[in-house]
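A structural walkthrough
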Amino acid sequence: MPTQNTPVGESDALSSAVRNGPSNEYSLVGRGEGEKDRKEIDGDDRREEEAEGEEDLPPRDQWTRKIDFIFSCIGYSIGLGNVWRFPYLCYKNGGGAFLVPYLMTLFFAGIPMFFLELALGQYLSIGGLGVWKICPIFKGVGYGALIAAAWLNIYYIVVLAWAIYYLFSSMTAMLPWATCDNWWNTDRCRSDYIRCNATANETVTVIFNGTNVTRPCTTDATSPVREFWELNALQITSGVHEPGVVRWPLALTLLLAWIVCYFCIWKGVKWTGKVTWFTSMFPYVLLFILLIRGLTLEGAKDGIIYYLYPHFGKLKESTVWIDAATQIFFSYGLVLGAQIALGSYNKYHNNVLRDAFIISCVNSGTSLFSGFVIFSVIGFMAHEQGKSVADVAQSGPGLAFLAYPSAVAQLPISPFWSFLFFLMLFFVGLDSQFCTVEGFITAIADEWPRLFRKRKELLVLVVCLLSYLVGLSMVTQGGIYIFEMFNFYSASGICLLVLIFFECVAISWSYGVNRFYDAMNDMLGYYPSLWWKMCWTVTTPAICVGIFIFYVVQYEPLVYMNYRYPWWAELIGWFMTMSSVLVIPGYAILLFVKTKGSMRQRLKLLFRPDVDEPIKRNKLSIKNQDAAAAAAAASTTATSV
């Protein structure tokens, strides 16, 4: 029976070749049989030396139970995008008709790439940098993913800090954003649920500073929900050029979020697997409770109809297809290294293909389910305001911190429902956050195991602390503008498309899709269907290229509300994007220059090196077992004679 694969350390063939030029082990082109035999001997010696060097290292963790892996992947993949982005995109892009491009992209690109990353991590039992030993020229993809994950770690958790702030603000008898009777409210404050006609010179009575005040109806009135968000929570400035001071209440909630994140991963995956039992399942309990409450509200039916009613004419618009693809790629957390890291802790013969299907169904099913939760309440909100659903539906922070809080403020025992919503929002984002950090840590610890494997808790602490310090820029009074820059440029859009494209091409074309299929057969015990070959070699790269072209052609600069960013802010944003993209060709050029040998030898070494892989070790083990059995049989025969 094939042996289990063992962890691979930082000293691989590539690092040796870069330092010393191509060794006998890897410079195979144009060599004779004697040289090839010497290569095999040298390779065995090198592996023995590596094994001796790693004896003093602690063993690499594995999942305690298979279900720990499932829950961790579900928790990571299901994040804020499932709750606040997918429902809005579905409504905006044709309702039920949006499911056509969504499902097509899911089956032709999303699930294939999800399966590829989990399988790649499981096959090599190493993080997002180490896996590129099988195709060194593309290791820049690993570094690009590491940079994108670092950006994501910094800004994604800020949403959790906002959710905690609203969570604590909900612990009152009356929600603070339900009235205009607060110190931060302006004289333009008026509830969206008070109907009046500005053109008819009507007046409205509101409570301001503890007294009833009669004001004329105006078109420039602002809701108490928006004033709480902008003037209390954020204390927003006029633009990114005016950062203001740190909002210390948000700085404390951000610190609390990082402390929770740290203690979710500090003891390794065995501990993380236990944590995800709660963090991945508890949000479903809250979502179900919120759904039941939402369906009992007047107007909920209208909201759900708006959400799902198909408008097939929308399918003619290219933006619908772009939104479907980007939602798939982002919500599945592809190419950021976390899926590879989570898969790397599996047992070698785990049925990762079946797991990928289960997790994908749960992920996309949760997106649809969240739409019912959100739009049942949005329908109620539209009914109460006397508006259409289109006028009140929002996406992103606007949904979480403006639309939904406005709706729950109208419910009986509104603080309770607000508390449940923001608690759900926190847990939905929490495991996405700490699994991304875990993927980042795993890549670093596996690349330099002698430095970090024994000091992993300290490494986690340093990463969390540095990320917190940088994240403080987003909890200043002008921090929302910096957050939106990170959200738009750093780990989404162009950089994700480029990274996914090169990751797919590297495995299917450079390493070789047939070799990868042999690896799947060695792990699973059977060859997957030809569907995956077609997706990895043709459809997924084609989808990435097509969306990239549309994205570039239809590119519009970042706008937050009505604020247009200055040129230097856009320049900083593009620097974040290019930091993940340019490292791919940059690393490839550097490696090509540093590697010695002829052109043919370099290409062989960098694109498809003959490195140590589990399938080769397993075949060698079987060969040795067969040889030993044959020798034993021969010895028995000789003895009997």
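In this report, the structure presented in the accompanying data block is examined. Everything quoted here is computed from the prediction, not taken from an experiment. (Residues numbered from 1 in each chain as written. Predicted model: local features only at pLDDT ≥ 70, side-chain atom pairs only at ≥ 80, totals over all residues. Heavy atoms only, no water.)

Regarding the environment of M561
Secondary-structure assignment places M561 in the loop between β3 (559–560) and β4 (563–564). It is 9.8 Å that separates the C-alpha atoms of M561 and G398, two residues lying 163 residues apart in sequence. Excluding residues within four positions of it along the chain, M561 makes contact with R226 and E230. (Helix = DSSP H or I, 4+ residues; strand = E, 2+ residues; numbered from the N terminus. Contact = heavy atoms within 4.5 Å.)

Remarks on the packing of helix α6 (residues 139–169) against helix α8 (residues 248–265)
Interaxial distance between α6 and α8 falls to 8 Å at its minimum, and their mutual angle equals 115 degrees. In terms of orientation, α6 and α8 fall into the roughly perpendicular class. Crossing geometry of α6 relative to α8 is assigned as right-handed. On α8, the residues touching N153, I157, V158, L160, A161, W162, I164, Y165 and F168 of α6 are P249, L250, T253, L254, L256, A257, W258 and C261. (Axes fitted to C-alpha atoms, helices over the stretch in contact; angles between N-to-C directions. Parallel < 35°, antiparallel > 145°, perpendicular 65-115°, else oblique. Left-handed = near helix turned anticlockwise from the far one by under 90°.)

Concerning the packing of aromatic side chains
A full pass over the atoms with the stated rule returns 60 aromatic pairs. Arranged with centres 4.8 Å apart and planes meeting at 80 degrees, the rings of F488 and Y489 form a pair that is edge-to-face. For Y489, a relative accessible area of 2% gives the class buried. Positioned above the aromatic ring of Y517 is the side chain of K533, whose terminal nitrogen or guanidinium carbon lies 4.8 Å from the ring centre. (Phe/Tyr/Trp six-rings, centres within 6.5 Å; stacked < 30°, edge-to-face > 60°. Buried < 20%, exposed > 50% of the residue type's maximum accessible area, 1.4 Å probe, protein only. Lys NZ or Arg CZ within 6 Å of the ring centre and 35° of its normal.)

Some details on the side chain of S418
As for its position among the elements, S418 is in helix α16 (residues 414–447). Here S418 falls in the buried class, since its relative accessible area comes to 0%. Among the polar contacts made by the side chain of S418, one reaches the side chain of S170 at a distance of 2.7 Å. Here S418 is in contact with S170, L175, W177 and V408, once residues within four sequence places are set aside. (Polar contact = N/O pair within 3.5 Å; in protein donor to acceptor, adjacent residues only side chain to side chain.)

Thoughts on the state of the cysteines
Going through the model one piece at a time under the given rule, you end up with one disulfide. For C180, the disulfide goes to C189, at an S-S distance of 2.0 Å. Handedness of the C180-C189 disulfide follows from its S-S torsion of about -80 degrees: it is left-handed. On the basis of relative accessible area, C180 is assigned to the buried category, the value being 6%. For C189, a relative accessible area of 1% translates into the label buried. Distance from the sulfur of C73, which forms no disulfide, to the nearest cysteine sulfur (C435) is 7.7 Å. Judged by its relative accessible area of 0%, C73 falls in the buried class. In this structure C261 is not part of a disulfide, and its nearest cysteine sulfur, from C464, lies 4.9 Å away. A relative accessible area of 0% places C261 in the buried class. (Disulfide = S-S within 2.5 Å.)

Some words on unusual backbone geometry
We note that S125 has phi near 50 degrees; this positive angle belongs to a residue other than glycine. Its location among the elements puts S125 in the loop between α5 (99–124) and α6. For V335, which is not a glycine, the phi torsion comes out positive at approximately 65 degrees. Counting through the fold element by element, V335 comes out in the loop between α11 (318–331) and α12 (338–344). A relative accessible area of 2% means that V335 is categorised as buried.

Let's talk about helix α10 (residues 300–308)
Listing the buried residues of α10 in full gives A300, G303, I304 and Y307. Looking straight down α10, one finds its buried side chains confined to an arc of 95 degrees; they lie on one side. Elements in contact with the buried residues of α10: α4 (80–92), α9 (269–295), α13 (352–385) and α14 (389–392). (Arc of directions from axis to C-beta.)

Details of the nonpolar core
Formed by 194 residues in total, the largest nonpolar core has its most connected members in W162, W229, F329, I378 and F401. Element by element, the count of residues in this core is highest for α6, at 20 residues. Excluding its chain neighbours within four sequence positions, the residues that come into contact with F329 are A109, L334, L497, I500, I543, C544 and I547. (Core = buried A, V, L, I, M, F, W, Y, C linked by side-chain atoms within 4.5 Å.)

Some remarks on the pattern of salt bridges
Overall, the coordinates contain 10 salt bridges when judged by the stated rule. Put simply, D355 and K66 hold a salt bridge, and the shortest N to O gap is 2.8 Å. One end of the pair, D355, is in helix α13; the other, K66, is in helix α3 (residues 66–77), with 289 residues separating them in the sequence. We classify K66 as partly exposed; its relative accessible area is 35%. Residues joined by salt bridges that share partners form a network here, namely R60, D446 and R453. (Salt bridge = Lys/Arg side-chain N within 4 Å of Asp/Glu carboxyl O.)

Quick notes on the packing of α3 against α13
Between α3 and α13, the least distance of the axes is 10 Å, while the angle of their chain directions is 40 degrees. Between α3 and α13, the crossing angle belongs to the class labelled oblique. The two elements α3 and α13 cross, and the hand of that crossing is right-handed. Along the contact surface, α3 presents K66, F69, I70, C73, I74 and S77, while α13 presents R354, D355, I359, V362 and N363. Grouping the amino acids of the contact of α3 with α13 by side-chain chemistry returns six nonpolar, two polar and three charged. (Nonpolar A, V, L, I, M, F, W, Y, C, P; charged D, E, K, R; others polar.)

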